Amino acid sequence: MKPWKLTDESILGLAQQPLIHWNFTHCEQITNLALEFLAETKEEMVSLDIRFCRNITDKGLLKLVNLNRLQELKIDYVRYITSSGLVQTTQRCPHLKKLSISHCVIDNLEEVLQPLPGLIALDVRGLQTRKVSSSQHHQDSDINLVCISSTCPNLESLSLADVQLTEVIDGLLASLPKLRHLDLDECMIGVQTIQHVGELKHLTEFSMIRAPSDIVAPMMQMLMEKRDGKLTSFNMARCQKGQWGSRLKFESLPDFIRIMAPSLKYLNLDQTFDSLTREVLETINEHCNLEELSVVNNPSVDASGIRACHPNWRIST
C-alpha cells in the first residue's frame, strides 16, 4: 500500500507488527484515532514521524504523553497543532532527544523546549508566530529562536531557515559548541557568522542553501583554512546573486574540492554555477571519494565521466 493511502483502519493492522519506528509522512488520511490507538498499544515506540499529516490536531498529539520511550518526534507542516498542545506534550515526554517542528506556528518556543534539556537535534526551519500579517512577523519569528541556546545547551544538530537577524544566528552558534550538523538555509549570514562556524570544532555536516553571494567565497575560504578533516557533508545549492540574479561564479572551487576531498561524502552544487568547468569535474573525479553528488540544473555539466569512474556514487543531474 502506498504510504499516502494509509488510513486509520490500515494502521490498526500494521500495529500488530513489532515496530518501534513509525513513519507516516504525507499520510493525509490518518487522524487522531490512529495516534490514540498506537499510543495505547505501542508503548515501546521510539520515534514517530507525522510530517504533513494535515488531519492531526492537539488531541491526537496529547495521546503520545504515555509513550515513555519516545525519543524522536517530527511534526513538520502539521498546521492544526498549537503551541499549547506541543507544550503539554514536551512536558510529559521529557525523554525526547530529537524534535522537528519546521513550518509550525509556535508563539513561545521557550515553553516548548524548557522541559527538554537533553535534546540533541532540533529542526525549526520556517517556524512562525501567529502574527502572520504584521510587519513585525519576521523579526518576532527570529527572536522566538533566541531561547534555544539556554534551553537546549547540548544540541548537536540545529536546522534553521530564513532567519534574517544575524545577531540571532551568531548568538546561537556562540552558545552551542557541540554542534555537528548545522543548516543555515536562506539565512542572512554575516562576517561574524563565518567566524562562529569556524569555531565549531565538531562540525561534520553544513548546509547554506541560497546564502548571500558575498558570503559564499569567505565561508569556503574559512573551511579550507580550517581543514580539520571532519566535514563530510556540504550543501551550497542555489547560492545566487540576489533572489532572481545570475548564478554565482566561484573560481576557487577546484581548490576547495581538492582540500576538502579526503573527508567529503556528500556535495551539493545544485543551481549554483553558470558552468562547472572540466577542471572542476576532473577534480571531483580524481580527488573525491563521495557517496553522493548533486549538480541539478547546471546545464553545462556532463557527469557521464564521473558516473563511469564511480558507478557506486549517487549522482543527481
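Above this text you will find the structure in question.
Computed from a prediction, not measured in an experiment: that's the story for all the values here. (Residues numbered from 1 in each chain as written. Predicted model: local features only at pLDDT ≥ 70, side-chain atom pairs only at ≥ 80, totals over all residues. Heavy atoms only, no water.)

To continue, consider the overall build of the chain. Across its full length, the chain carries 13 helices and twelve strands. Over its C-alpha trace the chain gives a radius of gyration of 21 Å, about what one expects of a compact globule, namely 20 Å for 317 residues. Along the first, second and third principal axes, the C-alpha set of the chain runs to 60 × 45 × 35 Å. Expressed as a percentage of its 317 residues, the buried residues of the chain come to 49%. Put simply, of all contacts in the chain between residues at least 6 apart along the chain, 61% involve residues at least 24 apart. When the accessible area of the chain is evaluated, it comes to approximately 15100 Å², of which 48% is carbon and sulfur surface. (Helix = DSSP H or I, 4+ residues; strand = E, 2+ residues; numbered from the N terminus. Rg over C-alpha atoms; globule rule 2.2 N^0.38 Å. Buried < 20%, exposed > 50% of the residue type's maximum accessible area, 1.4 Å probe, protein only. Contact = heavy atoms within 4.5 Å. Areas by Shrake-Rupley, 256 points an atom, 1.4 Å probe, with all protein chains shown as cover.)

This paragraph deals with empty space enclosed by the protein. For the structure on display, the rule yields one cavity of 30 Å³ or more. Taken as a whole, the largest cavity holds about 50 Å³ of empty space. Lining the largest cavity are Leu 203, Leu 223, Lys 226, Arg 227, Asp 228, Leu 231 and Met 260. Of the residues in the lining of the largest cavity, the class split is four nonpolar, no polar and three charged. (1 Å grid on protein atoms, 1.4 Å probe; cavity = no way out; pocket = protein on both sides within 12 Å on 5 of 7 lines; lining within 4 Å. Points joined across faces, edges and corners; volume = space filled by probe spheres on them. Nonpolar A, V, L, I, M, F, W, Y, C, P; charged D, E, K, R; others polar.)

Read across the sheet, twelve strands follow the order β1-β2-β3-β4-β5-β6-β7-β8-β9-β10-β11-β12 without closing on themselves; strand pairing throughout is parallel. The sheet is open, and its two edges are formed by β1 (21-23) and β12 (314-316), each paired on a single side. Ignoring which end each strand starts from, the neighbouring axes of this sheet average 5° apart. Across three bridges, strand β2 (residues 47-49) lies against strand β3 (residues 72-74) in parallel orientation. Across the sheet, Ser 47 pairs through a bridge with Glu 72, a residue of β3. (Pairing = 2+ DSSP bridges. Axes fitted to C-alpha atoms, helices over the stretch in contact; angles between N-to-C directions.)

Attention now goes to the side chain of Ser 294. By secondary structure assignment, the location of Ser 294 is in strand β11 (residues 292-294). Since its relative accessible area comes to 6%, Ser 294 is described here as buried. At 2.6 Å, the side chain of Ser 294 and the side chain of Asp 270 are in polar contact. When near neighbours in sequence (up to four residues on either side) are disregarded, Ser 294 contacts Leu 267, Asn 268, Leu 269, Asp 270 and Ser 316. (Polar contact = N/O pair within 3.5 Å; in protein donor to acceptor, adjacent residues only side chain to side chain.)

Once that is clear, we can look at the pattern of salt bridges. Counted according to the given criterion, the structure contains nine salt bridges. For Glu 28, the salt bridge identified is with Arg 54, shortest N-O distance 3.5 Å. One end of the pair, Glu 28, is in the loop between β1 and α2 (32-41); the other, Arg 54, is in the loop between β2 and α3 (58-61), with 26 residues separating them in the sequence. Overall, Arg 54 belongs to the partly exposed group, its relative accessible area being 44%. Among the ionic pairs, Arg 180 bridges to Glu 156, the shortest N-O distance being 3.9 Å. Of this pair, Arg 180 sits in the loop between α8 (166-175) and β7 (181-185) while Glu 156 sits in the loop between α7 (148-151) and β6 (157-161), placing them 24 residues apart in sequence. Accessibility expressed as a relative area gives 40% for Arg 180, which makes it partly exposed. The partly exposed category is assigned to Glu 156, whose relative accessible area is 30%. (Salt bridge = Lys/Arg side-chain N within 4 Å of Asp/Glu carboxyl O.)

Applying the stated criterion across every chain yields a total of four aromatic pairs. Ring plane angle 45° and centroid distance 5.1 Å describe the contact between Phe 234 and Phe 256, whose orientation is recorded as tilted. With Phe 234 in strand β9 (residues 233-235) and Phe 256 in helix α11 (residues 253-260), this residue pair connects regions lying 22 residues apart in the sequence. Across the pair, exposure class does not vary: Phe 234 and Phe 256 are buried alike. Feature note: the residues Phe 206, Phe 234 and Phe 256 constitute an aromatic cluster, connected by ring pairs. (Phe/Tyr/Trp six-rings, centres within 6.5 Å; stacked < 30°, edge-to-face > 60°.)

A separate point is the pairing of β7. Of all five residues that make up β7, four are buried, and the element is covered over most of its length. Pairing analysis gives five bridges linking β6 to β7, with the strands arranged parallel. Following the sheet pairing, Leu 158 is matched in β7 by Leu 182. Assessed by its sense of winding, the connection that carries the chain from β6 through α8 to β7 is right-handed. (Right-handed = clockwise from strand over helix to strand, strands pointing away.)

Attention now goes to the packing of helix α10 (residues 213-226) against α11. The interhelical angle for the contact between α10 and α11, taken along N-to-C directions, is 30°, at an axis separation of 10 Å. Relative to α11, the element α10 is oriented roughly parallel. Crossing handedness for the pair α10 and α11: left-handed. Across the interface between the two elements, Met 220, Leu 223 and Met 224 of α10 pack against Leu 253, Asp 255, Phe 256, Ile 259 and Met 260 of α11. Taken together, the residues that form the contact of α10 with α11 break down as seven nonpolar, no polar and one charged. (Parallel < 35°, antiparallel > 145°, perpendicular 65-115°, else oblique. Left-handed = near helix turned anticlockwise from the far one by under 90°.)

Here the focus is the nonpolar core. Counting 95 residues, the largest nonpolar core has Phe 24, Leu 109, Ile 148, Phe 206 and Phe 234 as the members making the most contacts within it. The biggest single contributor to this core is α10, with seven residues. Ignoring anything within four residues of it in the chain, the contact list for Phe 24 reads Leu 6, Ile 11, Ile 30, Leu 38, Leu 48, Asp 49, Ile 50, Arg 51 and Cys 53. (Core = buried A, V, L, I, M, F, W, Y, C linked by side-chain atoms within 4.5 Å.)

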